[in-house]
Amino acid sequence: MSSAAPEKDRIPAPPSLLEQVRRRVRAKHLSRRTEQAYMHWIKRYILFHQKRHPSDMAAAEVEAFLSWLATDREVSASTQNQALAALLFLYKEVLGLTLPWLDKITRAKPRVRRPVVLSHQEVSALLTHMHGVTGLMARLIYGTGMRLMECCQLRIKDIDFHQREITIRAGKGGKDRVTMLPASLAPDLQAHISSARRFHDLDRLNNEPGVSMPEALARKYPSAPTSWTWFWCFPADHLSTDPVSGIRRRHHLFEQAVQRAIKRAVQAAGIVKPATTHTLRHSFATHLLMGGYDIRTVQELLGHTDVSTTMIYTHVLNQGGRGVISPLDSCVGHATATQLT
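Just so you know, these numbers come straight off a predicted model, no measurement behind them.

## A closer look at the overall build of the protein chain
Next up, step 1: Regarding its fold elements, the protein chain presents 14 helices and five strands.
Next up, step 2: Taken across its 341 residues, the protein chain has 40% of its residues classed as buried.
Next up, step 3: Sequence separation of 24 or more characterises 59% of the internal contacts of the protein chain that already satisfy a separation of 6 or more.
Next up, step 4: Carbon and sulfur atoms make up 54% of the accessible area of the protein chain, which amounts to about 20300 Å² in all.

Shown next as structure tokens:
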């Protein structure tokens, strides 16, 4: 006779450490990107110390890992601080350890870098070489200042053609904000949305699961995931498995498609600056300031919490080094005037 305990009486195995991290991240409503980053650094930290449990390690092991990242792997200061943030989350939020050394870990001082900004002519050349859905998204990013993922995750209900506004939901820091809808882009965007309707109708015809919903809204509004208003503005052309729920459904267009299209357009336009998708957001802010808009307005459109973050774009208001005229230019101008007389 078997001595195995009945299925209902078995005590489930405790979740693994990484599973505990995942559950705690989601309980704190942190973004999917934050979850991926924290899981990555915690896993590397454990492997670096030959799979020792973090509760058996302390400040020396954390400092050794961070030092290895900086010296051997030559990561940037921001990357090193991201790894530190993941470890602090592990010890404080997951393991529940309030150790005095946690707050004494040295943080790397990030270097202040000027953002890459394209001129109006360069933006025009770039957009000329972009077509289709990715071209529309690139123009939308430059015309509104949205981040790439904010554009990808845009839903039908958040576009107001009458008020010419776009509501950006749960942006960086979980904040909502409103930005403008460029008048020149409205006709193309309306045409695209009409075309995207076929994906929604196809999913309903095939009785596919609805789109993913933020937090628990799918339980609160059961019909919302399958409604047109909650559908993606830029849907993918195929179904894929949701990494969180495991459900096979239609997602928004993946960001890599836009990134690759912009990279090709930069090369085709002959732009030598290291321009990326985020460069269009930098250019949006810079060109607004050059056009005379006040920095507080630009701050609101970008969704920055602190105006000091927006201040980095004011460098374009000064030509050359802080607006100083080189003595060579004065000398050359004087010499030219002398020659003319």
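## As for the environment of Arg 113
Next up, step 1: Considering the arrangement of structural elements, one finds Arg 113 in the loop between helix 4 (77-94) and helix 5 (120-128).
Next up, step 2: Its relative accessible area of 53% is what places Arg 113 among the exposed residues.
Next up, step 3: For the pair Arg 113 and Ile 312, spaced 199 residues apart in sequence, the C-alpha to C-alpha distance is 8.9 Å.

## Observations concerning the nonpolar core
Next up, step 1: By size, the foremost hydrophobic cluster in this structure holds 51 residues, and its most contacted members are Leu 140, Leu 189, Cys 233 and Phe 234.
Next up, step 2: Listed by contribution, the elements that provide at least two residues to this core are helix 5, helix 6 (132-144), helix 7 (148-152), strand 2 (165-168), helix 8 (186-205), helix 10 (255-268), helix 11 (277-290) and helix 12 (295-302).
Next up, step 3: The greatest single-element share of this core, amounting to six residues, is contributed by helix 6.
Next up, step 4: When sequence neighbours within four positions are dropped, the list of residues in contact with Leu 189 reads Leu 136, Ile 159, Phe 161, Leu 181, Cys 233 and Phe 234.
Next up, step 5: Ranked by size, the runner-up nonpolar core spans 23 residues in total, among them Met 57, Phe 65, Leu 84 and Ala 86.

## Describing the packing of aromatic side chains
Next up, step 1: For the structure on display, the rule yields six aromatic pairs.
Next up, step 2: With a centroid separation of 5.5 Å and 70° between ring planes, the pair formed by Tyr 45 and Phe 65 is classed as edge-to-face. Within this pair, whereas Tyr 45 is found in helix 2 (residues 32-48), its partner Phe 65 is found in helix 3 (residues 59-71), the two being separated by 20 residues in sequence.
Next up, step 3: A residue is classified by how much of its surface remains accessible, and Tyr 45, at 0% relative accessible area, is buried.
Next up, step 4: What makes Phe 65 buried here is its relative accessible area of 0%.
Next up, step 5: Ring geometry for Trp 228 and Phe 231: centres 5.8 Å apart, planes at 25°, overall stacked. Both residues of the pair, Trp 228 and Phe 231, belong to the buried class.

## Description of helix 6
Next up, step 1: Its 13 residues place the ends of helix 6 18 Å apart at the C-alpha level, agreeing with the 18 Å of an ideal helix rising 1.5 Å per residue.
Next up, step 2: Within helix 6, 10 of the 13 residues are buried, which leaves the element mostly enclosed by the surrounding structure.
Next up, step 3: Regarding helix 6, the residues found buried are Thr 134, Gly 135, Leu 136, Met 137, Ala 138, Leu 140, Ile 141, Tyr 142, Gly 143 and Thr 144.

## Details of empty space enclosed by the protein
Next up, step 1: The tally for this structure, following the rule as stated, stands at one cavity of 30 Å³ or more.
Next up, step 2: Its boundaries defined by the atoms lining it, the largest cavity holds a volume of some 30 Å³.
Next up, step 3: Every residue lining the largest cavity is listed: His 200, Asp 203, Arg 204, Pro 209, Gly 210, Val 211, Pro 225, Phe 231 and Arg 250.
Next up, step 4: Of all the elements, helix 8 adds the most residues to the lining of the largest cavity, at three residues.
Next up, step 5: Its residues assigned to classes, the lining of the largest cavity comprises four nonpolar, two polar and three charged.

## What to know about unusual backbone geometry
Next up, step 1: Even without being glycine, Lys 51 reaches a positive phi, approximately 65°.
Next up, step 2: Assignment of secondary structure puts Lys 51 in the loop between helix 2 and helix 3.
Next up, step 3: Overall, the relative accessible area of 65% leaves Lys 51 in the exposed class.
Next up, step 4: Unusually for a residue other than glycine, Arg 164 sits at a positive phi of about 55°.

## Here's the deal with the state of the cysteines
A covalent bond between the sulfur atoms of two cysteines is what we call a disulfide.
Next up, step 1: Summed over the entire model, instances satisfying the criterion amount to zero disulfides.
Next up, step 2: Cysteine Cys 151 remains unbridged, with the sulfur of Cys 152 as its closest cysteine sulfur at 5.8 Å.
Next up, step 3: Distance from the sulfur of Cys 233, which forms no disulfide, to the nearest cysteine sulfur (Cys 151) is 7.5 Å.
Next up, step 4: Judged by relative accessible area, Cys 233 falls into the buried class, the value being 0%.

## A closer look at helix 8
An α-helical turn contains 3.6 residues, so a residue and the one three or four places further along point in the same direction.
Next up, step 1: Between its first and last C-alpha atoms helix 8 spans 29 Å; for 20 residues at 1.5 Å apiece the expected length is 28 Å, and the two agree.
Next up, step 2: When we look at burial in helix 8, the residues that qualify are Ala 186, Leu 189, His 192, Ile 193, Ala 196, Phe 199, His 200 and Asp 203.
Next up, step 3: Buried residues belonging to helix 8 abut helix 6, strand 1 (159-160), strand 4 (235-241) and strand 5 (248-252).
Next up, step 4: Just beyond helix 8, the residue with positive phi is Asn 207, at close to 55°.

Rules used in this analysis
- Residues numbered from 1 in each chain as written.
- Predicted model: local features only at pLDDT ≥ 70, side-chain atom pairs only at ≥ 80, totals over all residues.
- Heavy atoms only, no water.
- Helix = DSSP H or I, 4+ residues; strand = E, 2+ residues; numbered from the N terminus.
- Buried < 20%, exposed > 50% of the residue type's maximum accessible area, 1.4 Å probe, protein only.
- Contact = heavy atoms within 4.5 Å.
- Areas by Shrake-Rupley, 256 points an atom, 1.4 Å probe, with all protein chains shown as cover.
- Core = buried A, V, L, I, M, F, W, Y, C linked by side-chain atoms within 4.5 Å.
- Phe/Tyr/Trp six-rings, centres within 6.5 Å; stacked < 30°, edge-to-face > 60°.
- Expected span 1.5 Å × (residues − 1).
- 1 Å grid on protein atoms, 1.4 Å probe; cavity = no way out; pocket = protein on both sides within 12 Å on 5 of 7 lines; lining within 4 Å.
- Points joined across faces, edges and corners; volume = space filled by probe spheres on them.
- Nonpolar A, V, L, I, M, F, W, Y, C, P; charged D, E, K, R; others polar.
- Disulfide = S-S within 2.5 Å.

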